[in-house]
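# Observations on chain architecture
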Amino acid sequence: MDRSATFARSVSLFRAFRLEQSDPEHFYGVLAADSIAQLAHWVDLEGTTVLDVGGGAGYFADAFRAAGTTYFGLEPDAGEMTARGTAEPGTVRGSGEELPVRTGAVDVCYSSNVLEHVRRPWAMADEMVRVTRPGGLVYLSYTPWLSPHGGHETAPWHYLGGHRARRRFRRRTGAEPKNRFGESLFAVSAGGAVRWARSCPDVDLLAVLPRYHPWWAAWVARVPGLREFASWNVVLVLRRR
Ligand SMILES: C[S@@+](CC[C@H](N)C(=O)[O-])C[C@H]1O[C@@H](n2cnc3c(N)ncnc32)[C@H](O)[C@@H]1O
């Protein structure tokens, strides 16, 4: 992790995160700018083609375009896609598990906070590798199940089991959580991603990082066991062979 990932940056991301529900534009603006800065450490984005898998309403689109990229989004959920009004230009409807994209078509395949919502996460990871050109970059970030936020709105009760946490949420609020365990939220581990990456013949694993941590805490993502709890959100940076 480069040393621009300071403690002050972590604090400002955390502050923005607390406004996710009340001011999503602010939160996503901060997160998008931060993602571009993180990616710039690995790739010169100017002139590249980027595919944002599970890009939702395209909150990251402006930041990617401002960085000089040609941005394409992919999103399966029509409601998410149009959450800001009309769908973001350049966004297609589809699943990350079967990307409707030609092999080797993009320079950067990016996905933020999606993998834990996918029933077959390693199929999606394989697809991201497939559509990236040799030499291109795959950036895959998600919340591991055992992270304090692993259960999303049902946290921290997910530590007692996903189904139990879901039932508790329903009992307390009278409604289903937005992220429903076993349907739209799955237990994806950090170790599982590292094992997948190491067994994938088409990529080199450049880094495993705790996405929001300062640079001096980056080591937590390299420690099996600890990384499940302490990374909060884990990022895999991969180079397509
Ligand atoms: C928490 S949102 C993340 C949105 C955005 N990428 C971000 O970082 O803010 C998760 C997104 O993943 C999408 N998603 C769920 N299943 C998916 C799949 N199989 N393929 C691609 N995206 C999926 C959801 O519809 C939703 O838009």
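A brief report on the enclosed structure follows. (Residues numbered from 1 in each chain as written. Predicted model: local features only at pLDDT ≥ 70, side-chain atom pairs only at ≥ 80, totals over all residues.)

## Side note on the overall build of the chain
A count of helical and extended segments in the chain gives 8 helices and 7 strands. Its C-alpha atoms give the chain principal-axis dimensions of roughly 50 × 40 × 35 Å. For the chain, the residues scored as buried account for 41% of the 241 residues in total. Of all intrachain contacts in the chain linking residues separated by at least 6 positions in sequence, the fraction that spans at least 24 positions is 59%. (Helix = DSSP H or I, 4+ residues; strand = E, 2+ residues; numbered from the N terminus. Buried ≥ 20, exposed ≤ 12 C-beta atoms within 10 Å, placed from the backbone. Contact = placed C-beta atoms within 7 Å.)

## With respect to the sheet that holds strand β1 (residues 49-53)
The mixed open sheet is built from 7 strands, whose spatial order is β3-β2-β1-β4-β5-β7-β6. Only two strands of the sheet have a single neighbouring strand rather than two, namely β3 (91-93) and β6 (203-210). Within this sheet the neighbouring strands show an average axis-to-axis angle of 15°, counted without direction. With 6 bridges joining them, strand β5 (residues 132-142) and strand β7 (residues 234-240) adopt antiparallel strand pairing. Pairing of L137 across the sheet is with R239, part of β7. Along the sheet face, helix α5 (residues 121-131) touches β1, β4 (106-112), β5, β6 and β7 and points at about 150° away from the line of β5. Running at roughly 5° to β7, helix α7 (residues 190-199) makes contact with β6 and β7 of the sheet. (Pairing = 2+ DSSP bridges. Axes fitted to C-alpha atoms, helices over the stretch in contact; angles between N-to-C directions.)

## Focus on the nonpolar core
Nonpolar side chains in soluble globular proteins generally cluster together in the buried interior. Counting residues in each nonpolar core, the largest one holds 52 residues, and the members touching the most others are L51, C109, M128, V138, Y139 and L140. Look past the residues within four positions of Y139 in its chain and what remains in contact with it is L39, V108, Y110, V235 and V237. (Core = buried A, V, L, I, M, F, W, Y, C linked by C-beta atoms within 7 Å.)

## Quick notes on helix α6 (residues 162-173)
Between its first and last C-alpha, α6 extends 16 Å over 12 residues, near the 16 Å set by a 1.5 Å rise per residue. Where α6 is concerned, the buried positions are G162, A165, R166 and F169. Looking down the long axis of α6, one finds its buried residues gathered within 100° of arc, a one-sided arrangement. (Expected span 1.5 Å × (residues − 1). Arc of directions from axis to C-beta.)

## Re the site of the ligand
Around the ligand, the structure places 18 residues, and the nearest of them are G54, G56, D77, G96 and S112. Here the shell around the ligand is built from residues that sort into 6 nonpolar, 8 polar and 4 charged. (Near = placed C-beta within 6 Å. Nonpolar A, V, L, I, M, F, W, Y, C, P; charged D, E, K, R; others polar.)

## Notes on the environment of W232
Along the chain, the position of W232 falls in the loop between α8 (226-230) and β7. Expressed as a C-alpha distance, the spacing of W232 and V194, which sit 38 residues apart in the sequence, is 15 Å. W232 has contacts with S147, P148, H149, P210 and Y212, leaving out every residue within four places of it along the chain.

## As for unusual backbone geometry
Cis geometry is found at the peptide bond from A155 to P156, where omega equals 5°. Note on placement: P156 falls in the loop between β5 and α6. Backbone geometry places H152, a non-glycine residue, at a positive phi of 50°. The residue H152 is located in the loop between β5 and α6 in this model. Judged by the 21 C-beta atoms lying within 10 Å of it, H152 is buried.

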